[in-house]
Amino acid sequence: MTKVYLTTAIPYVNGEPHLGHPLDYLLADFYARYRRLHGDTVRLQAGTDEHGNKIYKKAMAAGKEPQDFADENSKKFQDFIKALGVEYTDFIRTTNATHEARVQEIWTRLKEHIYKGTYEGWYCEGCERFVTDKEYADSSGICPDHQAAYQKLTEENYYLRLSDFKPEITAAIESGDLRILPEFRKKEMLKLISDAPDVSISRPRQHLPWGVPVPDDDSQVMYVWVDALSNYITVLGYPDQDISEYWPANVQFVGKDILRFHAIIWPAMLLGLGLPLPKVILSHGFVLSDGQKMAKSLGNVVDPLDVLKRHGLDAFRYYFSRHFDTFMDSDFTWEKFDDAYNNELANDLGNIVQRLSVLCQKNNIYGLVFTPQPDPTYEKLMDDFEFTKAIDYAWGKLQELNREINDTAPWAVAKSDPARAKELLIKLTHQLLAANHLLKPFLPITEQVEQVFLSQQVTPPSTPLFPKERS
RNA sequence: CGCGGGGUAGAGCAGUCUGGUAGCUCGUUUGGCUCAUAACCAAAAGGUCGUUGGUUCAAAUCCAACCCCCGCAACCA
């Protein structure tokens, strides 16, 4: 039995889950379910990133303790992940005391690659933070929130010496030992690595009051990287426990925006610890709303809970698997979502279940047995993480089946030759169950479909699957 | 010349590496069927494949130049 470890990026819990968050979880869950159907033991991690300035300030603004604030938001994310039907096995929080202790030990073990340096940049007193060069340029040197000029400021930081690891990381990515997906991101990452300066991994305590203290230096607090990225191994028990059963991870699912950190800083940390690199880092695109990036300022933010409520969990997972490209940005609109529900889920899957179950009932079919057969085309797609193409392929099977039902017309055959009709229906039902089986990683409702046909006596579901809503 | 992605039917995309009558899903129109959720099946309409030039018997596909859209450039999924 193969052991599989999959990870998802841990979201920063300074706000509510939005429609972009499900992607990591769903992709990981599709793959996890697929491997579990093959009998593999899958460990699927999820969690929340809870330190940092933004959370500290939001908590202060709300008159709360940072920990209480983090507790509330972490809970929201955990509930959300459950609502998505994601079968995760571990949930890690960066404010967990065990995680914090482990992170400090990790820092200590990385010490020979860490040095103290100074960081100089543009700083806003009001925001209490440094701004990027781009922000500085865009705002002509004036903070838009505080109408105050940015100041040049210097502070002490610890740095991770990336140069110690660049050749090894580059070689791993080039050879495919560390596979970056999609392929077109690989070049981008290689270029970024060659240009990457050493990374600042700490902040003075007065600038970052909410975080894990740097060991042996009370004046400094760890910045996000060492703290958050370590979650993938602290959740397994590192460094107190042997993690070789599950590490290296088979696949790490991340958004395209944070791929660079997972392709550069994270491998550097792992090499510094003497741990193997993950086998695959898969980066997915963004969820666009009406063709645009979702942003509060644009007023096009969609609440994922509303989407879940609209047509239920299966519709949600269906839309995000079949109408979202696994690797590229894709668009969400209510109209497309409703169309997918009505024209595809209801008309194809829902209707065909109804169609065949009624025919089976009328022809008194019972005691069916189903054994899934391997489908190499489908498995190749799933193994390559081409989820959109895999579900598309499975859907094609449903459409073929509809054609075949029309062509063979079992209802007509039943009038003259009931025995032959029965035989036909059993064959057609097996085809449906085979297609249904391919949909299992994506749609939980497939369990219900099996129940309909594999129960003692085939009876149509009391209410059709995916009932159409009359508008 | 910062890096990367993209421009193919009303919408979303495949096809480009390995040149050879332009394909899929959804939508539209017409016909068929009646087992089924006003469902299903068939057929049709709809594209000068971003622009210009080149190579070739033949270019969405190869080469060159250009135009347009999008993302990224230390905390944004």
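The present account deals with the structure reproduced in this document. (Residues numbered from 1 in each chain as written. Chains lettered and ligands numbered in written order. Predicted model: local features only at pLDDT ≥ 70, side-chain atom pairs only at ≥ 80, totals over all residues. Heavy atoms only, no water.)

## Considerations on the overall build of chain A
Part 1 of the argument: The helix and strand inventory of chain A stands at 18 helices and 18 strands.
Part 2 of the argument: Each of the three principal axes of chain A carries a C-alpha extent, and together these read 90 × 50 × 40 Å.
Part 3 of the argument: Counted over contacts in chain A with a minimum sequence separation of 6, partners at least 24 positions apart contribute 77%.
Part 4 of the argument: In the structure as shown, chain A presents an accessible area of about 21200 Å², 50% of it carried by carbon and sulfur atoms.
Part 5 of the argument: Computed over 52 positive and 67 negative side-chain charges, the separation of the two mean positions in chain A equals 4 Å. (Helix = DSSP H or I, 4+ residues; strand = E, 2+ residues; numbered from the N terminus. Contact = heavy atoms within 4.5 Å. Areas by Shrake-Rupley, 256 points an atom, 1.4 Å probe, with all protein chains shown as cover. Lys, Arg positive; Asp, Glu negative; His and termini not counted. Charge placed at Lys NZ, Arg CZ, Asp CG, Glu CD.)

## Quick notes on the packing of aromatic side chains
Part 1 of the argument: In the structure shown here, the tally under the stated rule is 26 aromatic pairs.
Part 2 of the argument: Between Y319 and F324, the aromatic rings sit 5.7 Å apart at their centres with planes inclined by 65°, giving edge-to-face as the arrangement. By the burial criterion, Y319 is buried, and F324 matches it.
Part 3 of the argument: For the pair Y341 and F466, a centre-to-centre distance of 6.0 Å together with 85° between the ring planes defines the contact as edge-to-face. In this pair, Y341 sits in helix 13 (residues 334-362) while F466 sits in the segment after helix 18 (446-454), placing the two residues 125 residues apart along the sequence. (Phe/Tyr/Trp six-rings, centres within 6.5 Å; stacked < 30°, edge-to-face > 60°. Buried < 20%, exposed > 50% of the residue type's maximum accessible area, 1.4 Å probe, protein only.)

## A word on the protein's contact with RNA strand B
Part 1 of the argument: For RNA strand B, the set of nearby residues contains 44 residues, the closest of which are K54, Y223, R260, G350 and L465.
Part 2 of the argument: Close to the protein, within 4 Å, the atoms of RNA strand B are drawn from sugar and phosphate at a rate of 64%.
Part 3 of the argument: Measuring from a base oxygen of RNA strand B, one finds a backbone N or O atom of G350 at 3.4 Å.
Part 4 of the argument: In this structure, a sugar or linking oxygen belonging to RNA strand B sits 3.3 Å away from a side-chain N or O atom of K362.
Part 5 of the argument: Contributions of two or more residues to the surface near RNA strand B are made by helix 7 (183-195), helix 13 and helix 15 (387-408).
Part 6 of the argument: The element best represented in the surface near RNA strand B is helix 13, accounting for 12 residues.
Part 7 of the argument: Class assignment of the residues belonging to the surface near RNA strand B gives a composition of 15 nonpolar, 14 polar and 15 charged. (Near = heavy atom within 4 Å. Polar contact = N/O pair within 3.5 Å; in protein donor to acceptor, adjacent residues only side chain to side chain. Nonpolar A, V, L, I, M, F, W, Y, C, P; charged D, E, K, R; others polar.)

## A few points about the packing of helix 7 against helix 10 (residues 259-273)
Part 1 of the argument: At their nearest, the axes of helix 7 and helix 10 sit 10 Å apart, and the two run at 50° to each other. As far as their axial angle goes, helix 10 and helix 7 are oblique. Crossing hand, helix 7 versus helix 10: right-handed. Every residue of helix 10 that contacts helix 7 at R185, M189, L192 and I193 is listed here: L259, R260, A263 and I264.
Part 2 of the argument: Of the residues belonging to the contact of helix 7 with helix 10, the class tally is six nonpolar, no polar and two charged. (Axes fitted to C-alpha atoms, helices over the stretch in contact; angles between N-to-C directions. Parallel < 35°, antiparallel > 145°, perpendicular 65-115°, else oblique. Left-handed = near helix turned anticlockwise from the far one by under 90°.)

## Focus: the pattern of salt bridges
Part 1 of the argument: Counting across every chain of the model gives 31 salt bridges.
Part 2 of the argument: The shortest N-O distance in the salt bridge between R161 and D164 comes to 3.2 Å.
Part 3 of the argument: A relative accessible area of 26% places R161 in the partly exposed class.
Part 4 of the argument: Between D306 and K309 there is a salt bridge; the shortest N-O distance is 3.8 Å. Taken together, the residues D306 and K309, both in helix 11 (residues 304-311) and three residues apart, mark about one turn of the helix.
Part 5 of the argument: The class of D306 is partly exposed, set by a relative accessible area of 37%.
Part 6 of the argument: Overall, K309 belongs to the exposed group, its relative accessible area being 66%. (Salt bridge = Lys/Arg side-chain N within 4 Å of Asp/Glu carboxyl O.)

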